Amino acid sequence: MSAPRLHESIAAWRAERAGPRFAGCTVGFVPTMGALHAGHRALLERARAENDRVVLSVFVNPTQFNDPTDLEKYPRTLAEDVALARGLVTDVIVPTAEEMYPDGYRYRVSEGEFSRELEGAHRPGHFDGVLTVVLKLLQLVQPTRSYFGEKDWQQLALVRGMATAFFLPGEIVACPTVRDADGLALSSRNRRLAPADRARAAAFPKLLRAGTPEAAAQALRGAGFEVDYVAERDGVRLGAVRIGGVRLIDNVRV
Ligand code: PAF
């Protein structure tokens, strides 16, 4: 497969999507904020195996960041991202925030219950931003299948719920979390961990499994993590912690 085609303008992308290259093709879609790692690569590989065309979006979505410093510090590595996607992806869309939000974010998707819990309780407005941008991207890409990682379990559940609520066409495919050899879930934020904190972070998924959610939270605090929450939903233990100023989330089956 040749190098992916890069689409920086939404109008040009829509013309391409409606044109002969996509006619009669199944389309796999992997939405990302860039800073791709082996976890994203696994999503792209699955999309490649299951579809004729694979579209990757790279868009650091400002509306899902409730902390401006976090948005500013989010790694932007487009050249490396395109290199990692080479051979797996046919098209990369890289829209600007101005084009994605022509309405200035006056229109948004909001879920009124689960989105307010866990991540949503700690990051007000986060899931409004996620759901809104995912809906926009799904409209633009018109995928047969979209691929989401189980690491962002609450995001995945809310995207599925939105797809059902709004009768969105296409399938939402869940893909297992990819972990480093020491068990830490891969995340674009891991690269912000200082080496000593990266070593300590490996304890997060192990301690998350401990006894009850309260016991896990206590064990995590004892190991030097600041704990935002540990909770269980539908047989899944979810947690969010901070270490060395970096916020990490993970989940394990219990
Ligand atoms: O999981 C992510 O990287 C983002 O939340 C997503 C789904 C690309 C929306 O910006």
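Residues numbered from 1 in each chain as written. Predicted model: local features only at pLDDT ≥ 70, side-chain atom pairs only at ≥ 80, totals over all residues. Heavy atoms only, no water.

Trainee: Whenever I open this one, helix H7 (residues 126-141) confuses me. Can you help?
Mentor: Taking 1.5 Å per residue as the helical rise, H7 with its 16 residues ought to reach 22 Å, and the 22 Å between its terminal C-alpha atoms agrees with that figure. Of all 16 residues in H7, 15 are buried; the element is thus mostly enclosed. Downstream of H7 by a residue or two, glutamine 142 has a phi angle that is positive, lying close to 50°. (Helix = DSSP H or I, 4+ residues; strand = E, 2+ residues; numbered from the N terminus. Expected span 1.5 Å × (residues − 1). Buried < 20%, exposed > 50% of the residue type's maximum accessible area, 1.4 Å probe, protein only.)

Trainee: Please explain the sheet that holds strand E2 (residues 27-32) as it appears in this structure.
Mentor: Reading across the sheet, the six strands line up as E1-E4-E3-E2-E5-E6 and stay open at both edges, with parallel pairing between neighbours. Taken across any chain shown, the strands that pair with only one partner, and hence form the sheet edges, are strand E1 (5-7) and strand E6 (171-175). In this sheet, neighbouring strand axes are inclined to one another by 25° on average, regardless of whether the strands run parallel or antiparallel. (Pairing = 2+ DSSP bridges. Axes fitted to C-alpha atoms, helices over the stretch in contact; angles between N-to-C directions.)

Trainee: So what exactly am I meant to see when it comes to the pairing of strand E8 (residues 236-243) here?
Mentor: When a strand is regular, its side chains alternate between the sheet's two faces. By the criterion of burial, E8 is predominantly enclosed, with seven of the eight residues buried. Pairing analysis gives seven bridges linking strand E7 (residues 226-233) to E8, with the strands arranged antiparallel. Paired with glutamate 232 across the strands is arginine 237, a residue of E8. Hairpin geometry of E7 and E8 is characterised by an intervening segment of two residues between the two adjacent antiparallel strands and by a positive phi of about 50° at aspartate 234.

Trainee: I'm lost on the packing of aromatic side chains in this one. Help?
Mentor: Within a pair of aromatic rings, the relevant descriptors are the distance that separates the centres and the angle that separates the planes. Counted by the stated rule, this structure contains five aromatic pairs. Judged by centre distance (5.5 Å) and plane angle (85°), the ring pair of tyrosine 101 and tyrosine 105 falls under edge-to-face. Of the residues examined, tyrosine 105 reaches a relative accessible area of 13% and is grouped as buried. The ring of tyrosine 105 has arginine 108 lying over it, and the distance from NZ or CZ to the ring centre is 3.7 Å. (Phe/Tyr/Trp six-rings, centres within 6.5 Å; stacked < 30°, edge-to-face > 60°. Lys NZ or Arg CZ within 6 Å of the ring centre and 35° of its normal.)

Trainee: Hey, could you run me through the nonpolar core in this one?
Mentor: What tends to happen in soluble globular proteins is that the nonpolar side chains get buried as a cluster. In terms of nonpolar packing, the biggest core is built from 39 residues, with Trp13, Val55, Met100, Val133, Val134, Val141 and Met162 touching the most fellow members. Of all elements in the fold, only helix H1 (10-18), E2, H7, helix H8 (153-165), E7 and E8 reach the threshold of two or more residues within this core. Broken down by element, the residue count for this core peaks at ten residues, all from H7. Every residue in contact with methionine 162, bar those within four places of it in the chain, is listed here: Val109, Leu131, Val134, Leu135 and Leu168. (Core = buried A, V, L, I, M, F, W, Y, C linked by side-chain atoms within 4.5 Å. Contact = heavy atoms within 4.5 Å.)

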